[in-house]
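Close look at the chain arrangement
Next come the chains, spelled out residue by residue.
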Amino acid sequence: MIVPYTHVILLGGILFLIGMVCTITRRNLIMILFGLEIMLNAAAVTFVGAGLQLQQIEGQAIALFILAVAAAEVSVGLALIVCIYRQTGTIDPKCIEGNVCRLE
Amino acid sequence: MTIYSIIFYIIAALMIISTGMAVTRENMVHAVLYLVVSFLGSALLFFLLGAPLLGILQVIIYAGAIMVLFLFIVMMIRIEPPERRASPVRHYVAVGVICGIYFGAVVLLMLVSEPAAREPMASAIASPADFGHYLFSRHWLAIEMISLLLLVALIGALHLGLSGMRRRTNKGDAS
C-alpha cells in the first residue's frame, strides 16, 4: 500500500504551479523552457499515479509519449534560442520584442 | 504508514524543494543542477509507482540528455549580468490569479474525488516486457508518430542551426 491518489495529484499540482510561476515571471528564454519542462514532468507524474490508481498500464504509455514530446520540444526550443541569440545578442524576451537593448 | 508512503513523502519533499530552488536561482548552471536532482526524484517516484521502464528512461532522457543539452546551451551563450529590472506588477497579478484558479481546481478535484481515491493505492508493477508488448500492440501508430516527430525535430533543429550560420557567413563576406 502506497499513498492515496489525491496526494499524488497534490504533488503534481504543486510541481505544475512552480513551473507555471517560473514560465510567467522569469525574464530569460532558457528559464521559460525550464518552466515548460517542469510542467510536462508534473503531468507525467500525475499520469503514472493515475495509471496505478486505476490499475491500467495506459497512464505509463501516455507518460512515455510526454517524455518523447518533451525531448522534441526542448531540442527545437534550444535551437530557436541559439538562433535568437545570434541575431539579437540577447535572450531577454522583453529586449527581443521591442529591440530595446540591442547590442551592436 | 508503510515504508513506501514514508519514501513517497521524502521524495515529494525533495522534488518540491529542489524545483523551487531551481526556479529561483540567478545562476542558470545552479538551476540546471537543482533541476537534475528534481528529475532524479521523479525517476525514483516512477519506480515507486510501479513503472521501472519509465524511471530508467527518465534518468537517461530527462536527467541525462535534456539537462546536458541545457547545460551546453547555458555555457555556450554568454549571459550579460542582468540589469536588475523588476518584473511589472501585472505579471505578479497574472501569476496570482492563475495560481488561485488553478489551486482551487486541484483542491476541488481532491474534494470531489470518489472515496476510492482517498484510500491508499495498492502497489503494482508493470514489468518492462509487459509494458513494451502493450505499447507495441495497442499504441503502434502513436509510436510511429512520435518517432516521426523526433525526426522532424532533429531536422528542424539542424535547419535552424545551419540557417543562422549561413546568415552570419554572408554578413561576414559583405563587411
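Calculation rules
- Residues numbered from 1 in each chain as written.
- Chains lettered and ligands numbered in written order.
- Predicted model: local features only at pLDDT ≥ 70, side-chain atom pairs only at ≥ 80, totals over all residues.
- Heavy atoms only, no water.
- Helix = DSSP H or I, 4+ residues; strand = E, 2+ residues; numbered from the N terminus.
- Buried < 20%, exposed > 50% of the residue type's maximum accessible area, 1.4 Å probe, protein only.
- Contact = heavy atoms within 4.5 Å.
- Core = buried A, V, L, I, M, F, W, Y, C linked by side-chain atoms within 4.5 Å.
- Salt bridge = Lys/Arg side-chain N within 4 Å of Asp/Glu carboxyl O.
- Nonpolar A, V, L, I, M, F, W, Y, C, P; charged D, E, K, R; others polar.
- pLDDT = per-residue confidence, 0-100.
- Domains from an automatic or database assignment.
- Axes fitted to C-alpha atoms, helices over the stretch in contact; angles between N-to-C directions.
- Parallel < 35°, antiparallel > 145°, perpendicular 65-115°, else oblique.
- Polar contact = N/O pair within 3.5 Å; in protein donor to acceptor, adjacent residues only side chain to side chain.
- Phe/Tyr/Trp six-rings, centres within 6.5 Å; stacked < 30°, edge-to-face > 60°.
- Patch = residues over 30% accessible without salt bridge, like charges linked within 9 Å, V, L, I, M, F, W, Y side chains within 5 Å.
- Areas by Shrake-Rupley, 256 points an atom, 1.4 Å probe, with all protein chains shown as cover.

1. What about the overall build of chain B?
Scanning chain B from terminus to terminus reveals six helices and zero strands. In sequence order, chain B lays out its α and β elements as α-α-α-α-α-α. For chain B, with 175 residues in total, the buried portion stands at 32%. Sequence-distant contacts in chain B: of pairs separated by 6 or more residues, those separated by 24 or more amount to 53%.

2. So, the nonpolar core
Soluble globular proteins: nonpolar side chains tend toward being buried together. Ranked by internal contacts, the top residues of the largest apolar core, which has 36 residues, are V8(A), L11(A), V48(A), F8(B), L45(B) and L54(B). Those elements that provide at least two residues to this core are α1 (5-25), α2 (29-53) and α3 (58-88) of chain A together with α1 (3-24), α2 (28-48), α5 (128-138) and α6 (140-174) of chain B. For F8(B), the residues in contact, after removing those within four places along its chain, are V3(A), H7(A), V8(A), L11(A), L45(B) and L48(B).

3. Concerning the interface of chain A and chain B
Each partner contributes to the interface: chain A provides 73 residues, whereas chain B provides 84 residues. Inspection of the chain A/chain B interface yields zero salt bridges. Where the side of chain A that touches chain B is concerned, the elements lending two or more residues are α1, α2, α3 and α4 (93-98) of chain A. Sorting elements by how many residues they give to the side of chain A that touches chain B places α3(A) first, with 24 residues. Across the side of chain A that touches chain B, the residue classes break down as 51 nonpolar, 15 polar and seven charged.

4. Considering the confidence of the model for chain B
In this model, chain B carries a mean pLDDT of 84, and residues with pLDDT of at least 70 account for 89%. At the level of chain-chain contacts, confidence expressed as ipTM amounts to 0.87, with global pTM at 0.86.

5. Examining the domain arrangement of chain B
Taken domain by domain, chain B holds domain 1 (3-80 + 88-138) and domain 2 (139-175). A straight line from the C-alpha centre of domain 1 of chain B to that of domain 2 of chain B covers 28 Å.

6. Examining the environment of G51(A)
All names here are of chain A. Tracing the chain through its elements places G51 in helix α2. Exposure remark for G51: the relative accessible area of 7% places this residue in the buried category. With residues near it in sequence (within four places) discarded, G51 still touches Q56 and G59.

7. Considerations on the packing of α1(A) against α1(B)
Relative orientation of the contacting elements α1(A) and α1(B) amounts to 5°, with a least axis distance of 10 Å. Between α1(A) and α1(B), the angle is such that the two are roughly parallel. Taking contact as the criterion, the partners of H7(A), V8(A), L11(A), I14(A), L15(A), I18(A) and C22(A) in α1(A) are, on α1(B), F8(B), Y9(B), A12(B), M15(B), I16(B), T19(B), G20(B) and V23(B).

8. Notes on the environment of Q58(B)
Relative to the elements of secondary structure, Q58(B) occurs in helix α3 (residues 52-76). The exposure class assigned to Q58(B) is buried, which follows from its relative accessible area of 0%. Q58(B) sits 18 residues away from M76(B) along the chain, and the two C-alpha atoms are 25 Å apart. In contact with Q58(B), other than residues within four places in its own chain, are N41(A), L67(A), F39(B), S42(B), A43(B), F46(B) and A63(B). Polar side-chain contacts of Q58(B) include one of 3.0 Å to the side chain of N41(A).

9. Structural notes on the packing of aromatic side chains
Remark: the centre distance and the inter-plane angle together describe each pair of aromatic rings, the angle taken between the planes. The full count for this structure, using the stated rule, is four aromatic pairs over all chains. Plain terms: the ring middles of F16(A) and Y102(B) are 5.3 Å apart, the flat faces sit at 25° to each other, and that makes the pair stacked. Residue F16(A) is found in helix α1, and its partner Y102(B) is found in helix α4 (residues 89-112); the two belong to separate chains. Both rings, one in F34(A) and one in F70(B), keep their centres 4.7 Å apart while their planes meet at 85°; by these two values the pair is edge-to-face. You can see F34(A) sitting in helix α2 and its partner F70(B) sitting in helix α3, one on each of two chains. The two residues F34(A) and F70(B) agree in class, both being buried.

10. A few points about a nonpolar patch on the surface
Residue and element names in this part refer to chain B. A cluster of nonpolar side chains, contributed by L40, L44, F47, I56, V59 and I60, occupies part of the molecular surface with about 510 Å² of accessible area. Elements that contribute at least two residues to the nonpolar patch include exactly α2 and α3. By secondary structure assignment, the location of I56 is in helix α3. On the basis of relative accessible area, I56 is assigned to the partly exposed category, the value being 43%.

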